[in-house]
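# Breakdown of the fold
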Amino acid sequence: MKKPDTDSPFEKSKSGFVDYDKGQHEVSTRLTGLRKSDIPRRYRLRVDGDRFQKDWMISDVVAKVLELKRWEDVEGVLNRWVGRFARKNFPFLIKELTQRGAIEHSIKVFNWMKNQKNYVARNDIYNMMIRLHARHNRTDEARGLFFEMQEWRCKPDAETYNALINAHGRTGQWQWAMNIFNDMLRAAIPPSRSTYNNLINACGSSGNWREALKVCKRMTENGVGPDLVTHNIVLSAYKTGAQYSKALSYFELMKGTNIRADTTTHNIVIYCLVKLGQYGKAIDLFNSMRVKKAECCPDIVTFTSVVHLYSVSGQIENCKALFNTMVAEGLKPNIVAYNALLGAYASHGMSKEALSVFKEMKKNGLRRDVVSYTSLLNAYGRSQQPGKAKEVFDMIKKNNLKPNIISYSALIDAYGSNGLLAEAVEVFREMEQDGIRPNVVSICTLLAACGRCGQKVNIDSVLSAAELRGIKLNTIAYNSAIGGYMNVGEYEKGIALYKSMRKRKIMPDSVTYTVLISSCYKLSKYDEALAFLDDMRSLKIPLTKKVYSSVICAYSKQDQVTEAESMFNMMKMSGCSPDVITYTAMLHTYNASENWEKACALFLEMETNDIQPDSVACSALMRAFNKGDQPTKVLALAEFMREKDIPFSDAIFFEMVSACSILRDWRTTSELIKLMEPSFPVASIGLINQLLQLLGKSGKNESMMKLFYKIVASGPEANLNTYSILLKNLLAAGNWRKYIEVLQWMEDAGIQPSNGMFHDIYSFSQKSGGAEYAAIIREKVESLKRKKSGNQISANQCDALPL
């Protein structure tokens, strides 16, 4: 079907085609222009009878020009067009070409046009060409056209200046844009709202949000009111200048005006909310956009921003779900959307999922860019597959793409995080050989790799390399180097680097002090840790959870209970919720000060705040219960641990055995032994000795000996204390035969019985064994003594023992 032709040759007509069987449709726009019948008679006579001259429409000419390669003969096509004799066709021809964005073809057509005899220079043609150069960031060429049009006696108008300001704004040359604006005022050309918008955008896109606000204020003072585009440009200026809180405040002011926010406005606000970590508000705004589709429908940028939100907030499962929702709602994902999803998987080391998205991009006809390859490389690096990361890096070059500094840094990190420091350094050298100058990010990555690999010499080398290349270290780089030194035990070098950082007026942050304070605590340098805490407070740097925990532990080690309590309360008041490590530190503090009641109260607080205790916290609390004469609570806490699947450690078993001993709960002791049996091979000998002592004390010598047999078969090696416990309990039960047998086991195990052990058996034979058994005991003991080495007691000493 085709609409009837319009009366004007320069009005576009639309034609459509629908195939209901195949479900296909096509709509095309046609521009006729002046044809052969419309040109002067003298030109018609020239082309009549010439079979090479074609009476094409303007749309046909545009299509034929665009079919040509940029080095092919464009003039050959144009010289066959009859419509070239009507100069009114020229502006529409240029307009059609520039709207398609074909800059090389447009330049050739424009140069051809200027050589035609009937051509007259016009503002609109130059304005279109300047705007086209602006779209391609060709600022110098746009400026050249501005001067050329004046040579052709074509006076620039407001649209010309708007296009030129826009050209400089797109390339970040805001000062040039300001100069052009001033030239416009000197030429007595009143600026329009578009002029001000272009100038505000030029300042804002360069990060100069203050200048953008000044222009906005000047715009209002000159009686030109801002519109929605103006507000969006100001919001974008705040966003580019990283003034996210100011952007949100400006958005709140917008709500009080009659201007209704559009999708672009909401996209900027969502971006700022994500940067500020206000994920809940961002999701609420996104959902409100979906509810009010008629007013403000989410677009591809909106969905991509929310995918990024889910990625940085750790909700990786929602990334793919939202991506699928976007497709289901009829939006076609572009390369940026796919890269956002790919980057989400990469940041969590999900290499299989990242590879699946990478393949899907190709399947859907998208050409993967260097960001796509770098994200996949990063995914393999984080999933500890440096070999595959290198394969992806090689693929970048094979596909005629140039790796950027982020690609090299990702490969350095892939090697460094897996302990392959030599390979990481080689990539760093290769980057320089390829003409890519390392920056502070590359240095940070190498420093982190050195710290992980424990290479203190290489940390020095990397710092020297940075200095030789004139790379100034920032806070992150210093943090990586200080952390690297601390990891390899170079405490003094780490402190010296911190002092150098302060001397060079590089402001430390919370990460700096977290590394320093936690390292001081690990090295038992508690005074130094507290000194860094004072520095941190003087700089008004907010304390992190790890700093609070380390400081509380430092106070605990120095028995400064009051200070530890004060720091713990300050942590809660600051809104930094204590975690299980912090609570455990406080439990140890109260245990050290024998304040059992506060330790028990702290555990109740953990339950109230839904903090799941770990084995260390439970063992500290059990110790408090035992010391506070509440052994029943120890066994109750053990039941709680079973319900919550908290693993039992040696310290837990030790406190449980102590509780059973205090309660004389032999049944629970038997159950405890069965529970501990699988862990006998790794149990400590101290714990085993305590169990043996408990069984012997309860008079269960048979159970005690069975446990001993199991220990000998699978557990740790028995020591002198182990045999001493067995002997004392056997003798207390009058089992002298087993006593002598255990002495024999000691001999076989190479453990020297003490004089006291012989003294005890002789005393028993005299007091309780009777005359008949005394002789037998003496005979067996003397037999054992004869087997002893030179450091055994002598026969005379044996005779001197009471019988």
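An account of the accompanying structure is given in this report. This structure is a prediction, so every number in the text was calculated from the model and none was measured. (Residues numbered from 1 in each chain as written. Predicted model: local features only at pLDDT ≥ 70, side-chain atom pairs only at ≥ 80, totals over all residues. Heavy atoms only, no water.)

## Topic: the packing of helix α38 (residues 685-697) against helix α40 (residues 720-732)
What counts, and what does not: Helix axes are fitted to C-alpha atoms over the stretch in contact, other axes to C-alpha atoms as well, and angles between N-to-C directions run from 0 to 180 degrees. Only DSSP runs of H or I covering at least 4 residues are called helices, and only runs of E covering at least 2 are called strands; the numbering of each starts at the N terminus. Each angle is binned into one of four classes, with values under 35 degrees roughly parallel, values over 145 roughly antiparallel, values of 65 to 115 roughly perpendicular, and all other values oblique. By definition, residues are in contact when any of their heavy atoms lie within 4.5 Å. Polarity classes work like this: nonpolar for Ala, Val, Leu, Ile, Met, Phe, Trp, Tyr, Cys and Pro, charged for Asp, Glu, Lys and Arg, and polar for all others, with Gly in that last group.
Where α38 contacts α40, the axes come no closer than 10 Å and their chain directions differ by 0°. As the angle between them shows, α38 and α40 are arranged roughly parallel. On α40, the residues touching Ile685, Asn689, Leu692, Gln693, Gly696 and Lys697 of α38 are Asn721, Thr722, Ile725, Leu726 and Asn729. In terms of residue class, the contact of α38 with α40 is built from 4 nonpolar, 6 polar and 1 charged.

## Remarks on the side chain of Thr230
The criterion, for reference: Only protein chains enter the accessibility calculation, which uses a 1.4 Å probe. A residue is then buried if its area is under 20% of the maximum for its type, exposed if over 50%, and partly exposed in between.
By the secondary structure assignment, Thr230 is in helix α12 (residues 228-240). Owing to a relative accessible area of 1%, Thr230 belongs among the buried residues under this scheme. Look past the residues within four positions of Thr230 in its chain and what remains in contact with it is Arg193, Asn197, Ile200, Cys216 and Met219.

## Details of the nonpolar core
Selection rule: In plain words, nonpolar cores are sets of buried Ala, Val, Leu, Ile, Met, Phe, Trp, Tyr and Cys residues tied together by side-chain atoms within 4.5 Å.
Ranked by internal contacts, the top residues of the largest apolar core, which has 250 residues, are Leu93, Val109, Ile517, Phe532 and Leu692. Considering every element that reaches this core, the biggest residue donor is helix α18 (residues 335-347), with 8 residues. Those residues in contact with Phe532 that sit more than four places away from it in its chain are Tyr491, Ile495, Tyr498, Tyr513, Leu516, Ile517 and Cys520.

## Quick look at a positive patch on the surface
The condition is simple: Only residues whose relative accessible area exceeds 30% and that form no salt bridge enter a patch; like-charged residues are grouped when within 9 Å of one another, and nonpolar side chains (Val, Leu, Ile, Met, Phe, Trp, Tyr) when within 5 Å. A 1.4 Å probe and the Shrake-Rupley method give the accessible areas. Residues count as covered only by the protein chains that appear here. One speaks of a salt bridge when a side-chain nitrogen belonging to Lys or Arg is within 4 Å of a carboxyl oxygen belonging to Asp or Glu. In this charge count, Lys and Arg are treated as positive and Asp and Glu as negative; neither His nor the chain ends contribute. Positions of charges follow a simple convention, taking NZ of Lys, CZ of Arg, CG of Asp or CD of Glu.
Taken together, Arg51, Lys54, Lys64 and Arg80 make up a surface patch of like positive charges. Inspection of the secondary structure puts Arg51 in the loop between α1 (41-47) and α2 (58-67).

## Section: the pattern of salt bridges
Scanning the entire structure with this criterion turns up 17 salt bridges. Linking Asp394 and Lys390 is a salt bridge whose minimum nitrogen-to-oxygen distance equals 2.8 Å. With Asp394 and Lys390 both in helix α21 (residues 386-398), this residue pair falls 4 residues apart, about one helical turn. For Asp394, a relative accessible area of 28% puts it in the partly exposed group. The class of Lys390 is partly exposed, set by a relative accessible area of 24%. Arg469 serves as the salt-bridge partner of Glu432, at 2.3 Å between the closest nitrogen and oxygen. Highlighted residues: Glu432 in helix α23 (residues 421-433) and Arg469 in the loop between α25 (456-468) and α26 (475-487), separated in sequence by 37 residues. Taken together, the salt bridges that share partners define one network made up of Lys397, Glu430 and Asp434.

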